[in-house]
Amino acid sequence: MDIITEGHLYQNTLLTFTEAAQLMNLDPNVFERLKRPKRSIIVSVPTRMDDGSVKVFTGYRVQHSSTLGPCKGGIRYHESVNLSEVAALAMLMTFKCSLVGLPLGGAKGGVQVNATKLSRAEKQRLTRRYTSEISPFIGPEKDIPAPDIGTDSQTMAWLMDTYSQEVGHAVPGVVTGKPIEIGGSLGRNTSTGRGAVFVVEEALNHLKMKQDKSIRVVVQGFGEVGASAAQCSYDLGLSVVAVSDVSGGIYNSKGLNINQVKDYYSKNKTLKGYPEAEAVTNEALLELPCEVLIPSAVDGVINSKNASKISAKIISEGANGPVTHDAHQILIERGIFVIPDFLANAGGVIVSYFEWVQDLQNFFWSEKEINSRLREIMTTTFKNVLQQSQAQKIDLRKAAMVTAVKRVSTAMLLRGLYPQ
Ligand code: NAD
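Below or above, wherever it landed, is the structure these notes cover. (Residues numbered from 1 in each chain as written. Predicted model: local features only at pLDDT ≥ 70, side-chain atom pairs only at ≥ 80, totals over all residues. Heavy atoms only, no water.)

1. Observations regarding the overall build of the protein chain
And then number 1: Along the protein chain, the regular secondary structure elements total 14 helices and twelve strands.
And then number 2: For 420 residues, the compact-globule estimate of 2.2 N^0.38 gives 22 Å, and the protein chain sits close to it at 21 Å.
And then number 3: Oriented by its inertia axes, the alpha-carbon framework of the protein chain measures out at about 55 × 55 × 45 Å.
And then number 4: Out of the 420 residues belonging to the protein chain, those deemed buried represent 59%.
And then number 5: Taking all contacts inside the protein chain whose residues are at least 6 apart in sequence as the whole, residues at least 24 apart take part in 68%.
And then number 6: In the form shown here, the protein chain has an accessible surface area of approximately 17,400 Å², with 52% of it arising from carbon and sulfur atoms.
And then number 7: Between the averaged position of the 45 positive side-chain charges in the protein chain and that of its 41 negative side-chain charges there is a distance of 2 Å. (Helix = DSSP H or I, 4+ residues; strand = E, 2+ residues; numbered from the N terminus. Rg over C-alpha atoms; globule rule 2.2 N^0.38 Å. Buried < 20%, exposed > 50% of the residue type's maximum accessible area, 1.4 Å probe, protein only. Contact = heavy atoms within 4.5 Å. Areas by Shrake-Rupley, 256 points an atom, 1.4 Å probe, with all protein chains shown as cover. Lys, Arg positive; Asp, Glu negative; His and termini not counted. Charge placed at Lys NZ, Arg CZ, Asp CG, Glu CD.)

In structure tokens:
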């Protein structure tokens, strides 16, 4: 193990990849190459704080593979960000883009910082300096960042502006998840949560379960992914019985009115004190009686300690890595239908791809068109993965990994090794 591979998320991702490689007799040279990222960049990000002092933060950008096209992946601002975590997420992006058939490779970036403690001005200065440090390595043909935990469309606007200032003209295609006014795509903000619910619909159909109020949904995380997953489940007519954010959750066994919860959250910036619901901890929330669980916050929340207590029949992994490798085994043995992260949360990168395509063409699509193309890709991929899992008698995560690795490895072998 080294600084790249030491983290638990990297180890988890590597285990899933290794199992798939064995199942498909992957070319050993391709396996060795894909086990590690193509390029890992560590930068210092000196940032002027509002009190005049300068703090130096550490930033990363890891490009795992550009075999299928320019690298693509979010930027995370969080205290726990480290090289290994970013590298694991970059590898997951390679497999995610490959799985859903996009002409893109995988990358991820991050800065080790508690973004909630920064003022808006400090966050802007940090973003601009981080962008400037990584700018030789990004661009519409090279590597296209997007939002992740702790970053949003405003952060992407600063990134786009900094890059554009450096090259001397507007380059909207350098980043996705931007505001609509500067080349963003309709439907991008809700795309990950929406996609995570599209695959829930497919799973309910496959398991011959109804799509009505009898289906209780629990969502962990009420950010970009969690709030839209809750909204889409609610709009579909399912009962969203619990939601949470970092400070805890709310539960009503009869179902929450998600429109009202969202209003309450935007006014109060917390779910605490929401009327017509009882408070639950994030740990208890995962074990609530429900049919569908959509963990949409951080990784590792379902682990060997609580996997036997999960009551959901379907888990759609809105977050990256919410189920550990050990826990996944337990869930599969218990017959729980787990839709793996790089399928369940691929909606974000799919609409990011649409945004990039729209920016390159300077021609923008309607939200209806975007959502229907998103549904088509999500459901086709789900069906392919399900078919592969049934044909090979393997779980969905392995089937998705086999499908994803096959496409990248075929492309790698066609392109060959440079130099020979
Ligand atoms: P976000 O910052 O908008 O929201 C994160 C949410 O999780 C917030 O509600 C926060 O309060 C909550 N949270 C944070 N720590 C928590 C904890 N320890 N326990 C419970 N809740 C906690 O982030 P996001 O963009 O919604 O991303 C959430 C997850 O989805 C991440 O794993 C991210 O990598 C993944 N993801 C995001 C996208 C996207 O398009 N935004 C795409 C694919 C995957």
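2. What about the nonpolar core?
And then number 1: The biggest cluster of nonpolar side chains holds 92 residues, and the ones touching the most others in it are F17, F95, V243, V261, I294 and I339.
And then number 2: With twelve residues, helix α3 (residues 83–99) is the single largest residue contributor to this core.
And then number 3: Counting residues domain by domain, this core receives three or more from each of domain 1 (8–170) and domain 2 (191–335).
And then number 4: Residues within four places of F95 in sequence aside, it is in contact with F17, L34, F342, M401, A404 and V405.
And then number 5: Listed in part, the 22 residues of the second largest apolar core include M49, V111, Y163 and V171. (Core = buried A, V, L, I, M, F, W, Y, C linked by side-chain atoms within 4.5 Å. Domains from an automatic or database assignment.)

3. Description of the sheet that holds strand β3 (residues 71–78)
And then number 1: Strand order across the open sheet formed by five strands is β1-β2-β4-β3-β5, with mixed pairing between neighbours. The open sheet has two edge strands, β1 (39–48) and β5 (143–147), and neither has a second partner. Neighbour-to-neighbour, the strand axes of this sheet turn through a mean angle of 25 degrees, independent of strand direction.
And then number 2: Docked against the sheet, helix α4 (residues 120–134) engages β1, β2 (54–65), β3 and β4 (105–112), running at close to 145 degrees with respect to β1. (Pairing = 2+ DSSP bridges. Axes fitted to C-alpha atoms, helices over the stretch in contact; angles between N-to-C directions.)

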